Amino acid sequence: SELALQFGGSVIIDQGDPSVIVIQEVQGAREARSYSVGDFVLPGLEVAAVRPNEVVFYFKGYELTRVY
C-alpha cells in the first residue's frame with residue numbers, strides 16, 4: 001500500500017530525550033506536534049531514532065530515513 005509523506009519540521013536534541021517536531025496538514029490547517037522515539041506520527045509510522053542529521057522511521061517492516 002502507498003503512504004504519502006508530506007511533512008516538514010525540526011529536530012530537538014539539546015535537552016532530554018531527542019524529539020522531532022512534525023508539521024502536517026490536517027483538514028486544510030497546518031498542525032505541529034512533537035514526537036519522541038517510539039511515538040507514532042501516523043498509523044503504522046513510528047519514530048525509530050532521532051540523530052543529529054536524520055530521523056529514522058519504521059513502517060511495515062521497513063526503515064525509512066529522513067535526512068535534513
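A.B. asks: I would appreciate a short explanation of the pattern of salt bridges in the present structure.
C.D. replies: For side chains of opposite charge, pairing can occur when their charged atoms come near one another. One pass over the full model with this rule turns up 1 salt bridge. For the salt bridge of E54 with R51, the shortest nitrogen-to-oxygen distance reads 2.7 Å. Under the relative-accessibility criterion, E54 is labelled partly exposed at 22%.

A.B. asks: Is there a simple way to think about the sheet that holds strand β5 (residues 45-51) in this case?
C.D. replies: Adjacent strands of a sheet pair through backbone hydrogen bonds, lying either parallel or antiparallel. Spatially, β4-β5-β6-β7 is the arrangement adopted by the 4 strands of the open sheet, whose pairing is antiparallel. Both outer strands of the open sheet, β4 (40-42) and β7 (62-67), are each paired with one neighbouring strand and no more. Going across the sheet, the axis of each strand differs from the next one's by a mean of 35 degrees, ignoring polarity. Here β4 runs beside β5; their pairing, made up of 2 bridges, is antiparallel. Across the sheet, the residue bridging to L42 is L45, located in β5.

A.B. asks: Where do I start with the environment of V47 in this structure?
C.D. replies: Following the sequence through the fold, V47 ends up in strand β5. Under the relative-accessibility criterion, V47 is labelled buried at 0%. For V47 and V20, which are 27 residues apart along the polypeptide, the C-alpha to C-alpha distance reads 8.6 Å. If sequence neighbours within four positions are ignored, V47 has contacts with V20, Y35, S36, V37, G38, D39, V41, V55, V56 and F57.

A.B. asks: What exactly am I supposed to notice about the pairing of strand β3 (residues 29-36) here?
C.D. replies: Consecutive residues of a regular strand have side chains that alternate between opposite faces of the sheet. Inspection of the sheet shows strand β2 (residues 19-26) paired to β3 by 8 bridges, in the antiparallel sense. Bridge pairing links S19 to S36 in β3.

Reading the values: the criteria
Residues numbered from 1 in each chain as written. Predicted model: local features only at pLDDT ≥ 70, side-chain atom pairs only at ≥ 80, totals over all residues. Heavy atoms only, no water. Salt bridge = Lys/Arg side-chain N within 4 Å of Asp/Glu carboxyl O. Buried < 20%, exposed > 50% of the residue type's maximum accessible area, 1.4 Å probe, protein only. Pairing = 2+ DSSP bridges. Helix = DSSP H or I, 4+ residues; strand = E, 2+ residues; numbered from the N terminus. Axes fitted to C-alpha atoms, helices over the stretch in contact; angles between N-to-C directions. Contact = heavy atoms within 4.5 Å.

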